[in-house]
Amino acid sequence: PGCKQVYRYRGPDEGLTHDIITLADDMQPGEALLAPVIRAGRRIPQSLPLDDIRKRVEMNLRSLPEAYRRLESCGPFDVRISPAIEELAGIVDKDI
């Protein structure tokens with residue numbers, strides 16, 4: 001339940017360590033990944049130059065742990081659910 005945000009965490013070497021899914025108003029120290037694309041039924045213009053998009057993709061690929069850059073399966077990436085979502089889910093579950 002509720003609006004969500006995903007925060008990405010990096011280690012000291014800037015490599016990805018884990019993501020946390022939380023409520024939109026539960027600020028976390030990681031990098032916020034979700035941004036609005038529609039407001040009041042209209043698309044929010046967010047056109048970035050193709051070169052900027054390419055650089056961001058390259059940086060993100062380099063920051064992936066080595067195991068996730070291979071073609072063979074390596075297991076799931078560490079994605080965690082925040083205590084705020086767990087608490088809200090518990091409240092909703094009691095109401096059902």
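Just so you know, these numbers come straight off a predicted model, no measurement behind them.

S.K.: What's the story with the packing of aromatic side chains in this structure? I'm lost.
M.R.: Both the distance between ring centres and the angle between the ring planes are used here to describe each pair of aromatic rings. A complete count under the given rule lists one aromatic pair for this structure. When the centroid spacing of 5.6 Å and the interplanar angle of 80° are considered together, the rings of Tyr68 and Phe77 count as edge-to-face.

S.K.: Teacher, can you tell me more about the pattern of salt bridges here?
M.R.: Should their charged atoms come close, side chains of opposite charge can pair. On inspection of all chains with the given rule, the structure shows seven salt bridges. Lys55 is the partner of Asp51 in a salt bridge, and the nearest nitrogen-oxygen pair spans 3.3 Å. Taken together, the residues span about one helical turn, with Asp51 and Lys55 both in helix H1 (residues 50–63) at a distance of four residues. Asp51 gets classed as partly exposed once you look at its relative accessible area, which sits at 38%. Bridged by salt links that share partners, the residues Arg10, Glu31 and Arg56 form one connected network.

S.K.: Looking at this structure, how should I read the sheet that holds strand E6 (residues 79–81)?
M.R.: The strands that make up a sheet pair up through hydrogen bonds in the backbone, lying either parallel or antiparallel. Taking strand neighbours across the sheet as the criterion, the four strands line up as E3-E1-E2-E6 in an open arrangement whose pairing is mixed. At either margin of the open sheet sits one strand with a lone partner, and together these are strand E3 (31–32) and E6. Sheet analysis places strand E2 (residues 16–23) next to E6, joined by three bridges and oriented parallel. Bridge assignment links Asp19 to a residue of E6, and that residue is Val79. In the packing of helix H3 (residues 83–95) onto the sheet, contacts are made with strand E1 (4–10), E2 and E6, and the angle to E2 comes to roughly 35°.

S.K.: Sorry if this is basic, but what is going on with the side chain of Ser63 here?
M.R.: Turning to its location among the elements, Ser63 is positioned in helix H1. The class of Ser63 is buried, set by a relative accessible area of 8%. One polar contact links Ser63 to Arg10, side chain to side chain, over a distance of 3.1 Å. Excluding residues that lie within four positions of it along the chain, Ser63 makes contacts with Arg10, Glu14, Gly15 and Leu16.

S.K.: Teacher, can you tell me more about the environment of Pro1 here?
M.R.: Mapped onto the elements of the fold, Pro1 is located in the segment before E1. Taking C-alpha positions, Pro1 is 7.3 Å from Leu88, a pair spaced 87 residues apart along the chain. The contact partners of Pro1, leaving out residues within four places of it in the chain, are Leu23, Leu88, Ala89 and Val92.

Cut-offs used in this document
Residues numbered from 1 in each chain as written. Predicted model: local features only at pLDDT ≥ 70, side-chain atom pairs only at ≥ 80, totals over all residues. Heavy atoms only, no water. Phe/Tyr/Trp six-rings, centres within 6.5 Å; stacked < 30°, edge-to-face > 60°. Salt bridge = Lys/Arg side-chain N within 4 Å of Asp/Glu carboxyl O. Helix = DSSP H or I, 4+ residues; strand = E, 2+ residues; numbered from the N terminus. Buried < 20%, exposed > 50% of the residue type's maximum accessible area, 1.4 Å probe, protein only. Pairing = 2+ DSSP bridges. Contact = heavy atoms within 4.5 Å. Axes fitted to C-alpha atoms, helices over the stretch in contact; angles between N-to-C directions. Polar contact = N/O pair within 3.5 Å; in protein donor to acceptor, adjacent residues only side chain to side chain.

So, to be careful, I would describe these as geometric facts and stop short of saying anything about function.
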